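Architecture at a glance
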Amino acid sequence: MAVSDDLNERDSDPTWVSTILEGKLADFTPKCLTDVGRIKELKIISMGIRSTTYEAIADRGRVLIKAMRRLEDDNIEPLVLEYLTRSGFKQAPQLFCSVYYGNYPYLIMTEFIDGVPVAADYVTAASKRDLNMSKRLSNEIGPIVSRLHYSLSKCRHSWCKPEPIAEDDINRWVGRLLWRASWLRTEGASRVSENEKPLIYESADALEDLATSLRPVALNMIGELKQRTHGDLHLYQIMRTESDEIFITDFEGEPYKMPGNKMEKEPTSRDLAALARSLDYAAIMGEQLRSGAPLSYVALWPPSESLEWETSSFSYLLASYRSASEDAGFLDYNRISDELSFWLVERASYESVYELVARTGYHYIPLSAILRMRDGKDPLFRLLSQGRL
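Residues numbered from 1 in each chain as written. Predicted model: local features only at pLDDT ≥ 70, side-chain atom pairs only at ≥ 80, totals over all residues. Heavy atoms only, no water.

Considering the nonpolar core
If you look at the biggest cluster of nonpolar residues, it comprises 96 residues, and the most contacted ones within it are Leu84, Tyr122, Leu272, Phe314 and Phe342. Considering each element in turn, this core owes the most residues, 11 residues, to helix α11 (residues 336-358). Sequence-distant contacts of Leu84, that is, excluding residues within four places in its chain, are made with Phe89, Ala92, Leu148, Ser151, Leu152 and Phe251. (Core = buried A, V, L, I, M, F, W, Y, C linked by side-chain atoms within 4.5 Å. Buried < 20%, exposed > 50% of the residue type's maximum accessible area, 1.4 Å probe, protein only. Helix = DSSP H or I, 4+ residues; strand = E, 2+ residues; numbered from the N terminus. Contact = heavy atoms within 4.5 Å.)

What to know about the packing of helix α8 (residues 269-291) against helix α12 (residues 364-374)
Their axes nearest at 11 Å, the elements α8 and α12 cross at an angle of 110 degrees. As judged from the angle between their axes, α8 and α12 are roughly perpendicular. Seen along the crossing, α8 lies across α12 with a hand that is right-handed. Across from Arg277, Asp280, Tyr281 and Ile284 in α8, the residues of α12 making contact are Ile365, Pro366, Ala369 and Arg372. Grouping the amino acids of the contact of α8 with α12 by side-chain chemistry returns five nonpolar, no polar and three charged. (Axes fitted to C-alpha atoms, helices over the stretch in contact; angles between N-to-C directions. Parallel < 35°, antiparallel > 145°, perpendicular 65-115°, else oblique. Left-handed = near helix turned anticlockwise from the far one by under 90°. Nonpolar A, V, L, I, M, F, W, Y, C, P; charged D, E, K, R; others polar.)

Some words on helix α2 (residues 14-21)
In terms of residue burial, α2 counts as a mostly covered element, since six of its eight residues are buried. Taken residue by residue, α2 has Pro14, Trp16, Val17, Ser18, Ile20 and Leu21 as its buried positions. Measuring from the side-chain oxygen of the N-cap residue of α2 to the backbone nitrogen of Thr15 gives 3.0 Å; that N-cap residue is Asp13. Looking at the residues trailing α2, positive phi occurs at Gly23, about 70 degrees. (Polar contact = N/O pair within 3.5 Å; in protein donor to acceptor, adjacent residues only side chain to side chain.)

Focus: unusual backbone geometry
The phi angle of most residues is negative, glycine excepted, and most peptide bonds adopt the trans form. For the peptide bond that leads from Met258 to Pro259, omega is 5 degrees, which places it in the cis range. Of note in the backbone geometry, Asp244 takes a positive phi value of approximately 70 degrees without being a glycine. Assessed through its relative accessible area of 48%, Asp244 is described here as partly exposed. Of note in this structure, Arg359 is not a glycine but carries a positive phi near 55 degrees.

A word on the pairing of strand β10 (residues 238-241)
Two faces make up the sheet, and in a regular strand the side chains alternate between them. Alternating residues of β10 divide into Ile238 and Arg240 and Met239 and Thr241, and every residue in both groups is buried. As paired elements, strand β7 (residues 115-117) and β10 share three bridges and run antiparallel to each other. Within β10, the residue paired with Pro117 across the bridge is Met239. Where β10 and strand β11 (residues 246-248) come together, three bridges link them in antiparallel fashion. (Pairing = 2+ DSSP bridges.)

Here's the deal with the pairing of strand β3 (residues 51-58)
The buried count for β3 comes to seven of eight residues, which makes it a mostly enclosed element. Note: strand β2 (residues 39-47) against β3, seven bridges, orientation antiparallel. Bridged to Lys43 within β3 is Glu55. Following β2, the chain reverses through three residues before pairing antiparallel with β3. Inspection of the sheet shows β3 paired to strand β4 (residues 61-68) by eight bridges, in the antiparallel sense. In the sheet register, Ala56 faces β4, and the bridge partner there is Val63. Taken together, β3 and the strand that follows it, β4, pair antiparallel across an intervening segment of two residues.

Focus: the packing of aromatic side chains
Here the distance between the centres and the angle between the planes together describe a pair of aromatic rings. Evaluation of the coordinates by the stated rule reveals nine aromatic pairs. Consider the rings of Tyr122 and Trp309, whose centres lie 6.4 Å apart with planes at 75 degrees: the pair is edge-to-face. One end of the pair, Tyr122, is in helix α4 (residues 119-128); the other, Trp309, is in helix α10 (residues 304-327), with 187 residues separating them in the sequence. Neither Tyr122 nor Trp309 differs from the other in exposure class; each is buried. Chaining the aromatic ring pairs together yields one cluster made of Trp16, Phe28, Tyr101 and Tyr106. Positioned above the aromatic ring of Tyr100 is the side chain of Lys31, whose terminal nitrogen or guanidinium carbon lies 4.5 Å from the ring centre. Stacked on the ring of Tyr256, the Lys or Arg Arg50 has its end atom at 5.4 Å from the ring centre. (Phe/Tyr/Trp six-rings, centres within 6.5 Å; stacked < 30°, edge-to-face > 60°. Lys NZ or Arg CZ within 6 Å of the ring centre and 35° of its normal.)

All quantities given are derived from atomic positions and should not be read as evidence of function.
Structure, rendered in structure tokens:
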């Protein structure tokens with residue numbers, strides 16, 4: 001449900017936001033862990049169709065405020081941030097307040113993280129094909145993601161408590177691939193030019209082929225655990241501050257998860273697959289920066305050196321994640337490579353829908369990856385499928 005124009009205009013007013021926090025407006029329910037006091041100033045940082053983000057000056061100092069532009073009952077972010085804050089997880093923004101409009105999350109107020117996405121560093125590394133830089137970054141990020149998953153695995157609320165994976169889950173997850181293949185042929189094809197339609201149709205065919213070939217892999221997950229995860233863990237959601245601290249941000253989940261629901265629990269390997277896919281984006285963007293070639297050309301015909309950089313960069317991240325997880329006695333990773341091969345395809349299928357719905361122009365990247373995975377030409381997917389990573 002879209003937020004009314006009236007609300008869109010009002011949440012830029014510091015006095016009005018302060019009045020909400022005081023609980024003086026009907027239909028708005030503030031839930032605060034920390035009193036931020038009155039809001040004195042608001043400055044827009046970013047605007048999108050789903051949210052507007054403000055830097056706020058409050059009595060307690062700088063605060064980040066996210067004002068939702070769509071009211072969604074499966075927006076899990078306030079619950080996740082409250083749990084992580086209460087549990088003492090320090091690598092995510094600490095939640096100060098959340099405000100509900102009726103039953104919907106409307107405002108989320110957290111500590112202000114002054115940093116830049118690590119995606120920028122990875123793109124630079126990819127443009128130089130610099131594995132030393134990506135290894136350093138990956139070795140820092142892997143343990144933090146492991147600690148996030150470990151912390152969330154201890155949650156015992158109904159929305160986050162780990163549960164065994166059942167065959168119904170597998171049917172639903174494989175069904176996402178088939179649903180998205182169908183969506184690509186109809187809705188997706190209607191969003192591109194005529195000369196791009198063959199890429200859409202071929203990718204849809206490839207997605208159906210992969211759904212069939214990967215179903216036995218997915219069935220191997222039965223009996224393992226699904227839990228609350230980040231849900232949309234890409235390199236633009238991970239921030240580095242000037243003091244070299246790493247923070248994981250934006251726990252809202254995937255904007256266009258259809259046909260899934262953001263409240264769904266999934267195995268932690270899906271977050272890892274999202275990071276792997278994000279490294280593919282970094283590799284393509286880095287090659288575009290290095291060569292000056294159009295994005296579509298680089299995505300459709302990526303140099304082997306770029307794909308090797310991507311594979312090595314993820315192998316460093318996965319190794320550091322595994323090491324930290326094993327040290328904590330967290331989960332059994334004997335089958336993680338198999339799981340990751342399935343989730344790589346699932347995440348790429350989501351990205352294909354997202355890029356086409358949002359009309360970003362980046363749809364070439366996930367669509368081309370789906371074709372490479374189907375044709376056995378994606379080095380990372382091949383290694384994971386063979387259990388060699």
